[in-house]
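Given next are the chains, with one letter for each unit.
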Protein chains: 2
Amino acid sequence: MEKKISTAVIKRLPRYYRYLSELLDQGIDRISSGELSRKMNVTASQIRQDFNNFGGFGQQGYGYNVDYLKNEIGKILGLDKQYHVIILGAGNLGRALANYTGFIKRGFLVCGIFDVDPDKIGKSVGSLRVQDMSELGTFVRENPVEIAALTLPTSKAPGVAKELLDMGIYGFWNFAATDLHLPEEAAVENVHLAESLMRLSYNIANIPHESEGDKINEKE
Amino acid sequence: MEKKISTAVIKRLPRYYRYLSELLDQGIDRISSGELSRKMNVTASQIRQDFNNFGGFGQQGYGYNVDYLKNEIGKILGLDKQYHVIILGAGNLGRALANYTGFIKRGFLVCGIFDVDPDKIGKSVGSLRVQDMSELGTFVRENPVEIAALTLPTSKAPGVAKELLDMGIYGFWNFAATDLHLPEEAAVENVHLAESLMRLSYNIANIPHESEGDKINEKE
């Protein structure tokens, strides 16, 4: 792909992928941009514009071939590859991620989980055993690892991320409430839960007030 | 606040709040927009424009008063209020959220966790006990609840969200891999982990390749 695709388009691709997966699960194998537009609550013209970035995916006759479209978007997203993931931090969130079955379906294989806490080291998490952080270097040398999920304390995350980068890991799924400040060669995806909760707080505080007893009208 | 603030500005406010909290923790009580700009890696003009939406927060002499600025942004975000949160789904993620101490600090009080699984009902999660989903209606009638965190299976989430809305809950923190399709009166914040992981996958697949042996230059 020579053309530079905008970040906004990339941000939307996973949502297309999710909807196309749902359609396939429902046994729907063709869909028009109009129908997809109604389901996803975006304009049909937006969908066509987004898809045109990738050559349009050949809408012919009645709409898109759902399976083909899903696979093509999957390839753009790199989901045709297998990724090996290690989790740094075996707290509640780290363990939740280790047990998250949605990973496997998308080609992400959790192959290690690490912590510094002696109470956690050696404990089972799914099919894995929590390893001592001091074994991290050896593990990364001896096993393929492309992604590190960071569920570490805020103060530790940037330092550990730099160590991992030096070991040759370039993908970071960062759950720590801090920015990692890594060089551009690193791919960083932040999940800042506290910030997400603050946006929710803002939106609740700014819900348009109705007078008591007003009926809420469903949009659908 | 009469003026309608753009979504992009709102999205940035939690990050300002996070940085200002960090500055306070470090004992820094004044900061110029230039310094804040370097720390946050956004332009100083962006910062001034964002803050001008709220009257500018009175930068006087040498920079902003960090404590004042943090509190003002906190008020805009509704963080001066207390929210009661229930968690629907006591799986790994639901339990991780229930134990997340960052909540309390920001004024979010987890007061209930519910599941349908007999193996989970009655078990302790932090200071809470997992309740049977059938007790949800009674609980919501008898206790103040403003936010429901949904860590339910995809197929269940939209239905439960509608029930909760009918019970008078308007805030939804949605972790299920689906859109809730609620009326506009509801405040919905989605955390789609699978989509986040797909964006990471895309970014890894599109890291600019360097020839073997090239040194990676840190930007900082």
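Scroll up to find the structure this text is about.
Here's a quick rundown of the structure. Keep in mind that this is a model prediction, so the values were computed, not measured.

1. Overview of the sheet that holds strand E3 (residues 83-88) of chain A
Taken together, the six strands give an open sheet; going across it, the order is E7-E4-E3-E8-E9-E10 (chain A), and neighbouring strands pair in parallel fashion. Across the chains shown, the open sheet's two edge strands, defined by having one partner strand only, are strand E7 (131-132) and strand E10 (187-190) of chain A. Sheet topology places strand E4 (residues 108-115) of chain A next to E7(A); two bridges connect them, and they run parallel. Its bridge partner being in E7(A), Asp115(A) is matched across the sheet by Asp132(A). Running at roughly 155° to strand E9 (residues 171-174) of chain A, helix H9 (residues 193-205) of chain B makes contact with E3, E4, strand E8 (147-150), E9 and E10 of chain A of the sheet.

2. Some remarks on the packing of aromatic side chains
Residues and elements named next belong to chain A. Following the criterion strictly, the structure yields 10 aromatic pairs over all chains and no others. A centroid spacing of 5.3 Å and a plane angle of 75° characterise the contact between phenylalanine 51 and tyrosine 64, whose relative ring orientation is edge-to-face. On the criterion of sequence distance, the pair formed by phenylalanine 51 in helix H3 (residues 44-52) and tyrosine 64 in strand E2 (residues 64-65) is long-range, its members being 13 residues apart. Residue classification places tyrosine 64 among the buried positions, given a relative accessible area of 2%. Site record: aromatic cluster; members linked through ring pairs are Tyr16, Phe51 and Tyr64.

3. As for the side chain of Arg18(B)
Here Arg18(B) lies in helix H1 (residues 7-25). Overall, the relative accessible area of 6% leaves Arg18(B) in the buried class. In this view, Arg18(B) contacts Ala177(A), Thr178(A), Asp179(A), His192(A) and Glu195(A); residues no more than four positions away in its chain are not counted.

4. Here's the deal with the interface of chain B and chain A
Accessible area lost upon the coming together of the parts serves often as the stated size of an interface. In this complex, chain B contributes 65 residues to the contact, which on the side of chain A involves 65 residues. Its largest share of buried area at the contact with chain A, chain B owes to Leu197(B), Met198(B) and Tyr202(B), together 11% of the area lost on that side. The tally of links between chain B and chain A comes to eight salt bridges. Two residues, Arg199(A) and Glu189(B), come together in a salt bridge whose shortest N-O distance is 3.2 Å. For the side of chain B that touches chain A, the secondary-structure elements that each account for two or more residues are H1, helix H5 (92-98), strand E9 (171-174), strand E10 (187-190) and H9 of chain B. Element by element, the count of residues in the side of chain B that touches chain A is highest for H9(B), at 13 residues. In terms of residue class, the side of chain B that touches chain A is built from 34 nonpolar, 12 polar and 19 charged.

5. A closer look at the nonpolar core
By size, the foremost hydrophobic cluster in this structure holds 102 residues, and its most contacted members are Phe51(A), Ile73(A), Trp173(A), Phe51(B), Ile73(B) and Trp173(B). With residues near it in sequence (within four places) discarded, Phe51(B) still touches Tyr16(B), Leu36(B), Gly56(B), Phe57(B), Tyr64(B), Leu69(B) and Ile73(B).

6. With respect to the relation of the copies chain B and chain A
If you rotate chain B by 180° and push it 0.0 Å along the axis, it lands on chain A with an RMSD of 0.0 Å. Classification of the inter-copy transformation places it as that of a two-fold axis. Both copies present the same face, since 100% of the interface residues in chain B are matched by interface residues at the equivalent positions in chain A.

Criteria and cut-off values
Residues numbered from 1 in each chain as written. Chains lettered and ligands numbered in written order. Predicted model: local features only at pLDDT ≥ 70, side-chain atom pairs only at ≥ 80, totals over all residues. Heavy atoms only, no water. Pairing = 2+ DSSP bridges. Helix = DSSP H or I, 4+ residues; strand = E, 2+ residues; numbered from the N terminus. Contact = heavy atoms within 4.5 Å. Axes fitted to C-alpha atoms, helices over the stretch in contact; angles between N-to-C directions. Phe/Tyr/Trp six-rings, centres within 6.5 Å; stacked < 30°, edge-to-face > 60°. Buried < 20%, exposed > 50% of the residue type's maximum accessible area, 1.4 Å probe, protein only. Buried area = accessible area lost by both parts, 1.4 Å probe. Salt bridge = Lys/Arg side-chain N within 4 Å of Asp/Glu carboxyl O. Nonpolar A, V, L, I, M, F, W, Y, C, P; charged D, E, K, R; others polar. Core = buried A, V, L, I, M, F, W, Y, C linked by side-chain atoms within 4.5 Å. Least-squares fit on C-alpha atoms with pLDDT ≥ 70 in both.

Interpretation note: all reported values are geometric properties and have no functional meaning in isolation.
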